[in-house]
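Given next are the chains, with one letter for each unit.
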Amino acid sequence: MEPFRFKIRYSDFSPALLAIDPELLRANPDMHKKAVAGYFQSRFAKLGGTVALQAGEDDIEVQWTPARLAGDKEVFQKALELLKEGAYDDAEPLLMALVARPECDPLVRMNYGMMLSDRSRLEEALAQLETAAEEMQDSADVWNALGVAYQRKGERSKALAALKRSNALDPDNPYTLKNLGSLLGKSDPHAAIEYFKRASELLPKDQQTLYFYGLSLYNAERYGEAVGVLRQAIEIAPHTETADSAMSLSTKIAHKNLKAAAGGKLRPDAVLYCREALRKFEGAPVEVTQAVTFEVAMLGRSGLDINNADKKYMLKSMPGEFSGLELVCYMYVGTRILAPDADPGIDLAQEYEVALELHRGGGGGTQ
Amino acid sequence: MLKAVEKVLELVRKQTGYPVTVTNMPGIKMHSTLRTASAVSPAHVILLNPAYERSGNYLTALNAATILVKWADPQRVPDFYQAGEAVEAAVKTLSGDERLRGEGMADARTCAETLCHLLLQHLSSLPVVMIAADWCYRNFPELEEEQRVQVRQELREASACLTKEVRERTPEFIFSKSAVMNAAYAAWWAALAEDTQALLPYEFFGFKEDGMRLYGKTLGGFTDNPNRYCEVIDSWAEELGLRTWYTWQFRQG
């Protein structure tokens, strides 16, 4: 096959590919040249074939003749396999070589751009994706990828325009629908729900899509529907991080229902538990508060039964038996002490304030 | 948090008897810090710098793994203490170094004390971090991508210490020992992850060979050897001529 031949300026070589300080490289041009040459030498040698390098003053020419791969298509397939395995370091030189071809397939550019975007090298990603979008104006996938990269870079309006263009080209592209839902999640929750709803119909077994659909329903305060969708998400694969997040959100909804059950009024049992927690944490080393709060938070990820008064939980970090609500109060108080600005995941603010007042006043205390 | 990380945290709890708490802590200077448990602080605390959230799973696993190395024998947990006399003598010598007397420098003695303290901190952490990171790499492939990003970032930061500006303001004694330790870290990563360029700066400035020697002393795991924590630090200290700078004290975990 025709060898891959391309030139790259040292100044254009991404510093993210080297474990060396960019300032040190700038101050030592010989080291910089050697590092870039070494990168190509080692990466292409690993892929097989022969590598020839011609180092110039400002740039380096790389010529790679693969041993086994027959043509550009095969090289691209190999790069895609490596990307699927998460072997980005091995895939990148192949993609670099392919995009250097004068007749480079824009699909290659799109995949290279997506890889760079996933690795947070957003300037480089956008350069590839913008070119790919110019060359494939009718591809919903490329506009979707471009939208994601803009979103990651914080360019919201450009992201929205790109994703809407993708959606217009292919209204049933589930990934675009999902990304539009995520982008609009806070600013336009109702539109986000519609996008997620359609995406979850197209991808009924995609746990993340269902989770985000549930989250958007939660944000729109449609709790009943959210619980059903979150349950579906958990059932797909109960032991994943997304399932944990879905479980936490379900617990949060249960907490809200707890308040609603009390008619939005103060829960005296929660006041007492908060007060007990304040007593326990007062004067204790901060690590004790951390340990208890963390352990309850971990326990809560698999769901705490807070509407049952039975004392059926035990902790490793604190002796005794506790009810679900009691533990949630410990976690609430601990979070208020350790990170007052953090969201404890349940609204016990009123109960906490009353408990704090009683605690400070010492009313009815057992000091 | 990835399941792999939860697994490491559970290993720590089983081995040490204490749980691990992991908290995001904006404003800390390091990528992450670790406080190990004691009878009065009954939890290991890992604080993560949110700026390095992308590597949060790896950093949590790494810190937890260093607990496993340090607490290999929970009945005899080693603590590293700076030795007064030897360090004081070094501070005295270094205070007279002209590089600490440059314009804009704070009091030369304070600078010398700080540099000695940082050198010891480097010595007491880096070899153990290498053992723990090596263990993570070999046992948790799902963390590899985060580890690659994080270690490259650390190596980039470490190599920044080789710039002319840093060298001109650091006594040679401190500069060279610190560079040799960083070279050992680069040598480990270059060998493990085929990131061959990592060692280049140290080769360029003549620290590669000494770094390779330290790296050689770090090979070998900890799971069958409860003394590995002290052994590896002592072997580095011998090589660097710092063995009299600290003492060990042991406590029940």
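Residues numbered from 1 in each chain as written. Chains lettered and ligands numbered in written order. Predicted model: local features only at pLDDT ≥ 70, side-chain atom pairs only at ≥ 80, totals over all residues. Heavy atoms only, no water.

Let's talk about the nonpolar core
The nonpolar side chains of a soluble globular protein tend to be buried with one another.
Then step 1. By size, the foremost hydrophobic cluster in this structure holds 127 residues, and its most contacted members are Phe 40 of chain A together with Leu 123 and Trp 245 of chain B.
Then step 2. Here this core spans two domains, and each of domain 1 (1–104) and domain 2 (113–170) of chain A adds at least three residues to it.
Then step 3. Setting aside its immediate chain neighbours within four residues, Leu 123 of chain B contacts Phe 80, Met 181, Ile 233, Trp 236, Ala 237, Leu 240, Leu 242 and Tyr 246 of chain B.
Then step 4. Residues Leu 278, Ile 306, Val 328 and Val 333 of chain A belong to the second largest nonpolar core, which totals 28 residues. (Core = buried A, V, L, I, M, F, W, Y, C linked by side-chain atoms within 4.5 Å. Buried < 20%, exposed > 50% of the residue type's maximum accessible area, 1.4 Å probe, protein only. Domains from an automatic or database assignment. Contact = heavy atoms within 4.5 Å.)

Some thoughts on the domain arrangement of chain A
Then step 1. As far as domains go, chain A holds domain 1 (1–104), domain 2 (113–170), domain 3 (171–262) and domain 4 (268–361).
Then step 2. Relative placement of domain 3 of chain A and domain 4 of chain A: their C-alpha centres are 27 Å apart.

Here's the deal with the confidence of the model for chain A
Then step 1. For chain A, per-residue confidence averages 87 on the pLDDT scale, and 95% of positions sit at 70 or higher.
Then step 2. Considering only residues more than four positions removed or in separate chains, one finds that residues 363–367 of chain A, a stretch of pLDDT under 50, has eight contacts. (pLDDT = per-residue confidence, 0-100.)

Things to note about a negative patch on the surface
Then step 1. Together, Asp 105, Glu 130, Glu 134 and Glu 135 of chain A make up a negatively charged patch on the protein surface.
Then step 2. Relative to the helices and strands, Glu 130 of chain A resides in helix H6 (residues 122–135). (Patch = residues over 30% accessible without salt bridge, like charges linked within 9 Å, V, L, I, M, F, W, Y side chains within 5 Å. Areas by Shrake-Rupley, 256 points an atom, 1.4 Å probe, with all protein chains shown as cover. Salt bridge = Lys/Arg side-chain N within 4 Å of Asp/Glu carboxyl O. Lys, Arg positive; Asp, Glu negative; His and termini not counted. Charge placed at Lys NZ, Arg CZ, Asp CG, Glu CD. Helix = DSSP H or I, 4+ residues; strand = E, 2+ residues; numbered from the N terminus.)

Looking at the interface of chain A and chain B
Then step 1. Listed by partner, the interface residues are 38 residues for chain A and 38 residues for chain B.
Then step 2. For the chain A face of the interface with chain B, the top three residues by lost area are Ala 19, Glu 287 and Phe 294 of chain A, together amounting to 19%.
Then step 3. The interface formed by chain A and chain B contains seven salt bridges.
Then step 4. For Arg 119 of chain A, the salt bridge is made with Glu 145 of chain B, and the minimal N-O distance between the two is 2.6 Å. (Buried area = accessible area lost by both parts, 1.4 Å probe.)

So, the sheet that holds strand S2 (residues 32–35) of chain B
All names here are of chain B.
Then step 1. Across the sheet, which stays open at both edges, the three strands sit in the order S1-S3-S2 with mixed pairing between neighbours. One side of each edge strand has no neighbouring strand; the edge strands of this open sheet are strand S1 (20–24) and S2. When strand polarity is set aside, the average angle formed by the axes of neighbouring strands in this sheet is 15°.
Then step 2. Strand contacts of helix H2 (residues 56–70): S1, S2 and strand S3 (44–48), with the helix running at about 150° to S3, the strand carrying the most contacts. (Pairing = 2+ DSSP bridges. Axes fitted to C-alpha atoms, helices over the stretch in contact; angles between N-to-C directions.)

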